[in-house]
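# Structural overview for review
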Amino acid sequence: MIGPFHGFPRETPRFLEELARNNNRPWFEENKDRYTRCMKEPAAEFARALEIKIRKIFPGQGPLKAKIFRVHRDIRFSRDKTPYKAHIGIRFSEESAKGCADPFFYVQIAAKELWLVTGIKEFEREEVVRFRAALADPVRSASLTRTLARLSSFRLEPQGEKYKRLPPGVDAGAPIAELAKHKGLYVEESLPLPEALYEPGFPEYCALRFKRAKPLYDWLKAL
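Residues numbered from 1 in each chain as written. Predicted model: local features only at pLDDT ≥ 70, side-chain atom pairs only at ≥ 80, totals over all residues. Heavy atoms only, no water.

### Notes on the overall build of the protein
Short version of the rule: Only runs of H or I of at least four residues qualify as helices and only runs of E of at least two qualify as strands under DSSP, and these elements are numbered from the N terminus. Exposure is judged per residue with a 1.4 Å probe applied to protein chains only, and the accessible area is read against the type maximum: over 50% gives exposed, under 20% gives buried, and values in between give partly exposed. Should any heavy atoms of two residues lie within 4.5 Å, those residues are considered in contact. Each accessible area value is a Shrake-Rupley result obtained with a 1.4 Å probe; residue values ignore everything except the protein chains displayed when judging cover. Lys and Arg are tallied as positive, Asp and Glu as negative. Neither His nor the chain termini are counted. Lysine's charge is taken at NZ, arginine's at CZ, aspartate's at CG and glutamate's at CD.
Regarding its fold elements, the protein presents seven helices and five strands. Each principal axis of the C-alpha atoms in the protein carries an extent, and together these give about 60 × 40 × 30 Å. Out of the 223 residues in the protein, the part that is buried amounts to 44%. Looking at the protein alone, contacts between residues at least 24 apart form 65% of all its contacts between residues at least 6 apart. Total accessible area on the protein stands at roughly 12300 Å², and carbon and sulfur atoms take up 51% of it. Distance between charge centres in the protein, computed from 41 positive and 30 negative side chains, equals 2 Å.

Structure follows, in structure tokens:
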């Protein structure tokens, strides 16, 4: 049963740092109780609390489902064979089955960094078509431009992998030319671990920062 969130233990950053240095099965098994105490249990409590907080802060927001990523890495096709992730990653989205193709809020906690992301990591094929059609629409394109300008005032710039070439019919000099290359669209914020991490108010801390990027989430959700 998931209990109330009281904050991550102050031991959590140290555990993550030690896990990064001792990324092997014997060490992890010897420290399984620390993993449960520092990562697994507080992450579940935090995810539940942030789901509730986002619904309260964002009127009209549909129910979000948290996905807590496994600590075990998928090493089948990776040159890096270290078995564990030295961070906590949690994604919040309405359609969790779509994964990174649905607009999401993402929280990642590492030994020295908090990483907050809002947007879509990678468009599905049909979404690319709808995204480019929205960019070609003067009203919807202007709405996105205003949103990105406001985010830029918070030092949140559009991110995402891009195609090398412009799609057919897009003028290289058009204001939306670079956006039209995007395979996904999101903004991200990297911060030193805040004191709030260890307090019950950490879900609200994250929700209020996500609130700045909520217009981008809404624009993408409307595609």
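### Some words on the packing of helix α5 (residues 138-153) against helix α7 (residues 202-221)
Threshold: Axis lines are fitted through C-alpha atoms, for helices just across the contact stretch, and the angle between N-to-C directions can take any value from 0 to 180 degrees. Orientation categories follow fixed angle ranges, with anything under 35 degrees roughly parallel, anything over 145 roughly antiparallel, 65 to 115 roughly perpendicular, and all other angles oblique. Handedness of each helix crossing follows the sense of rotation of the near helix against the far helix: counterclockwise by less than a right angle gives left-handed, clockwise gives right-handed. Throughout, the ten residues Ala, Val, Leu, Ile, Met, Phe, Trp, Tyr, Cys and Pro are labelled nonpolar, Asp, Glu, Lys and Arg are labelled charged, and all others, Gly among them, are labelled polar.
Closest axis-to-axis distance for the α5/α7 pair is 9 Å, and the angle between their directions is 155 degrees. Judged by the angle between their axes, α5 and α7 are roughly antiparallel. For the pair α5 and α7, the crossing hand works out as left-handed. Touching Arg140, Ser143, Leu144, Thr147 and Leu151 of α5 are Arg212, Ala213, Pro215, Leu216 and Trp219, all from α7. Of the residues belonging to the contact of α5 with α7, the class tally is six nonpolar, two polar and two charged.

### Topic: the nonpolar core
To be explicit about the condition: What we call a nonpolar core is a set of buried Ala, Val, Leu, Ile, Met, Phe, Trp, Tyr and Cys residues that are connected through their side-chain atoms within 4.5 Å.
The biggest cluster of nonpolar side chains holds 37 residues, and the ones touching the most others in it are Phe46, Leu50, Phe92, Val107, Ile109 and Phe202. Put simply, the parts of the chain that give this core at least two residues each are α1 (12-21), α2 (25-30), α3 (32-57), β2 (88-93), β3 (104-109), β4 (113-120) and α7. Here this core takes nine residues from α3, the largest share from any one element. Apart from the residues within four sequence positions on either side, Phe202 is in contact with Phe5, Phe8, Phe46, Ile109, Leu114, Pro194, Ala196 and Leu197.

### Here's the deal with the packing of aromatic side chains
Condition: Centre distance within 6.5 Å is the pairing criterion for rings of Phe, Tyr and Trp, where only the six-membered ring of Trp is used; planes under 30 degrees apart are then read as stacked, over 60 as edge-to-face, and the remainder as tilted. We call a charge positioned above a ring when the Lys NZ or Arg CZ atom is no farther than 6 Å from the ring centre and deviates by at most 35 degrees from the ring normal.
Applying the stated criterion across every chain, the model contains 16 aromatic pairs. Pairing Phe5 with Phe8 gives two aromatic rings, centres 5.6 Å apart and planes at 70 degrees, and the pair type is edge-to-face. Here Phe5 falls in the buried class, since its relative accessible area comes to 9%. Here Phe105 and Tyr217 contribute two aromatic rings whose centre-to-centre distance is 4.6 Å and whose plane-to-plane angle is 10 degrees, an arrangement assigned as stacked. Of this pair, Phe105 sits in strand β3 while Tyr217 is found in helix α7, placing the two residues 112 residues apart along the sequence. Per residue, the accessibility class of Phe105 equals that of Tyr217, and both read buried. Here Lys183 stacks its cationic end above the ring of Tyr163, 5.1 Å away from the centre of that ring. The ring of Phe154 has Arg212 lying over it, and the distance from NZ or CZ to the ring centre is 4.8 Å.

### Some details on the sheet that holds β2
What counts, and what does not: Strands pair, by our definition, only if DSSP identifies at least two bridges between them.
Sheet architecture is open: five strands sit in the order β1-β2-β3-β4-β5, paired in antiparallel fashion. For this open sheet the edge positions go to β1 (65-68) and β5 (185-192), each flanked by a neighbour on one side alone. Mean inter-strand twist for the sheet, computed between neighbouring axes without regard to direction, equals 15 degrees. Relative to β2, β1 is paired through four bridges, and the arrangement is antiparallel. Within β2, the residue paired with Ala66 across the bridge is Phe92. Taken strand by strand, α7 contacts β3, β4 and β5, and its axis lies near 25 degrees from that of β4.

### A closer look at the environment of Ala44
Structurally, the position occupied by Ala44 is in helix α3. Separated by 42 residues in sequence, Ala44 and Ile2 place their C-alpha atoms 6.7 Å apart. Setting aside chain neighbours within four positions, we find Ala44 in contact with Ile2 and Ile68.

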